[in-house]
Protein chains: 2
Amino acid sequence: MQVKNYIERKNLEKKLHLFKNTCHKNHLKITPQRVTIYKKLISSQEHPSATDIHRKIKNIFPDISLNTINTNLLAFNKIGLINVVEGSGDAKRFDVNLDPHHHFRCLDCNKIIDFYNKDFENIKIAEELIEEFTITDKKLHLEGICDRCKSGYAWFGEDVDNVNYGRSKKRR
Amino acid sequence: MQVKNYIERKNLEKKLHLFKNTCHKNHLKITPQRVTIYKKLISSQEHPSATDIHRKIKNIFPDISLNTINTNLLAFNKIGLINVVEGSGDAKRFDVNLDPHHHFRCLDCNKIIDFYNKDFENIKIAEELIEEFTITDKKLHLEGICDRCKSGYAWFGEDVDNVNYGRSKKRR
DNA sequence: TTGACAAACAGGATTCAATACTATATAGTA
DNA sequence: TACTATATAGTATTGAATCCTGTTTGTCAA
Ligand SMILES: [Mn+2]
Ligand SMILES: [Mn+2]
Ligand SMILES: [Zn+2]
Ligand SMILES: [Zn+2]
C-alpha cells in the first residue's frame, strides 16, 4: 500500500512535469488555475465536460470563470495534452488519456469509460476507404448500460461533489 | 437509366409507406411538414443537423419553425425511424440509415460518411467488458480528412442550398 | 361529407454551452 | 524589483435545444 501510493505519486509528478514542460514550450504560463484544471483532468476517469470541471474546481477557486476553463481546455487540446471526445450532442468531453484506447458510453448516466483492445489494431479497413480518405484516427465505440446503472445503484449516493444539477442528462 | 429511376422511385415509395405505417402505429399524424422532414432525411447522405434540415425545408415551408423540426426529429428517433449520431460537441446529427454501419467523420468539413465493414462483426470484445456492461451498440469510428477537403476542392462551390452560414464549423 | 377533438404547428421565451471581448492581475524574466 | 506578455474574471453574444401557448389541422366517427 505504501509502495502503491509512492508509485502513484511518482506517476503524478511525472505527468505534471511533462505538463509544465509542454506549456513552457508553447508559451503558456504556469498558473495555479491552469495546474489545477490539469490535475482535475488527471484525477478523473469520467471524461468531464468544461462545466463538470468548473463545478469541481470552484471549491478551490470560488471565482474562477467558466470561460477560463474553456479557454484552457482548448489550449491544452491545441498543444496535444488532451483530446476532445464525442459526447452525443451534449457538451464537449475531454480526455487526458493519450494512450491509444477506446470508449464505452453509458446511455443512462452518460459516463464514458476507457478500454483497450489489441485485436482491433489488425482490423482491415477497405482499400477504397483508405484511398479516398486520410484517416487520422480509428476507434471502437461501444454503447450500452454500465454496471452501476445496470444494478440499479443510481449515479447519486456517492461523491455528491460530482453531481450535475443542471437540466441536462445526469452524469457522474 | 429508366430502370434505375424506376427502382429508386419504388424504393422511396416503400420507405414512405413504412414511415407512414410506423407513424400511424405510434399515433403520430401524417402532416405535410412531417412527411417533408422525413423525405429530406432520406434524400440526404450527410447526417444533417436539425438546423441543416430547417434551412433546406424553408424552401418548401417558408414559415416552418425550427421547433417543429426538432420535435419531429426527436419523435422519429423515439419510434425507431432514425438514429442520433455523435456530433463532437456540435449540434446533434441524425441518421436515417437503419442498416448496421459505421461512420467516417471529416475533421475539416464535419461531414459524416457511412461505410460498412463485415470483418468488424467478428471482433472480440474482452469478456470482462461484456460481463460488466450491457452492450447495445458496437461501432467503428474513423476520423480524418475526406477526399473533397483533401483535394483542396472546398466544401462550397456546389449545392449552395446545403451551405451552413452559421458561426459554427462549415459543413456540407 | 361534416364536425369534434386530439395532435401538431408557429412563434416567442428560456436555458445552457461556447465563444468573443476587455479591463485588471499576474507569471516569467531581466 | 520592475517590465511585459499572457491569463483571468466578468460580461456580452451567439446558437442549439427545450418549453410554453394560442391557433390550425389531420383523423375518425357520425
Ligand atoms: Mn478516454
Ligand atoms: Mn450513418
Ligand atoms: Zn451508467
Ligand atoms: Zn471534408
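Residue indices follow the written sequence of each chain, beginning from 1 at its first position. Key to labels: chains lettered from A, ligands numbered from 1, both in the order written. For this predicted model, a pLDDT threshold of at least 70 governs which residues receive local features, and a threshold of 80 or more governs which side-chain atom pairs are given and counted, while totals over whole chains, interfaces and linings are taken from all residues. Water and hydrogen atoms were dropped before computing side-chain values, which therefore reflect all heavy atoms in the structure.

## Quick notes on the coordination of the manganese ion (ligand 2)
All names here are of chain B.
- Coordination sphere of the manganese ion (ligand 2), protein contribution only: H47 (NE2), D95 (OD), H101 (NE2), H103 (NE2) and D114 (OD), at 2.1 to 2.2 Å.
- Mapping the donors of the manganese ion (ligand 2) onto the primary sequence yields the spacing H-x47-D-x5-H-x1-H-x10-D. One end of the pair, H47, is in the loop between α2 (32–43) and α3 (50–57); the other, H103, is in strand β3 (residues 102–106), and 56 residues separate them in sequence.
- Relative accessibility thresholds used throughout: buried, under 20% of the residue-type maximum; exposed, over 50%; partly exposed, between the two (1.4 Å probe, protein chains only). We classify H47 as buried; its relative accessible area is 3%.
- Residue classification places H103 among the buried positions, given a relative accessible area of 9%. Coordinating N, O and S atoms are those within 2.8 Å of the metal (3.2 Å for Na, K and Ca), and as water is not part of the atoms, a site may appear to have fewer donors than expected. Secondary structure elements are taken from DSSP: a helix is a run of H or I of four residues or more, a strand is a run of E of two residues or more, and numbering for both begins at the N terminus.

## Some thoughts on the interface of chain A and chain B
- The contact rule is simple, with two residues in contact once any of their heavy atoms fall within 4.5 Å. Counting residues at the interface gives 36 residues for chain A, matched by 36 residues for chain B.
- Carbon and sulfur atoms make up 55% of the surface buried where chain A meets chain B, a total of about 3,200 Å² over both sides.
- Salt bridges are defined as contacts in which a side-chain nitrogen from Lys or Arg sits within 4 Å of a carboxyl oxygen from Asp or Glu. Here chain A and chain B share zero salt bridges between them.
- Those elements that place two or more of their residues in the side of chain A that touches chain B are β3 (102–106), β4 (112–115), α5 (127–132), β5 (134–145) and α6 (147–150) of chain A.
- By residue number, the principal contributor to the side of chain A that touches chain B is β5 of chain A, which donates 12 residues.
- Side-chain classes are defined by residue name, with Ala, Val, Leu, Ile, Met, Phe, Trp, Tyr, Cys and Pro counting as nonpolar, Asp, Glu, Lys and Arg as charged, and the others, Gly among them, as polar. Among the residues forming the side of chain A that touches chain B, the class breakdown is 14 nonpolar, eight polar and 14 charged. For any pair of parts, buried area is found by adding up, for both, the accessible area (1.4 Å probe) each one loses once the two are put together.

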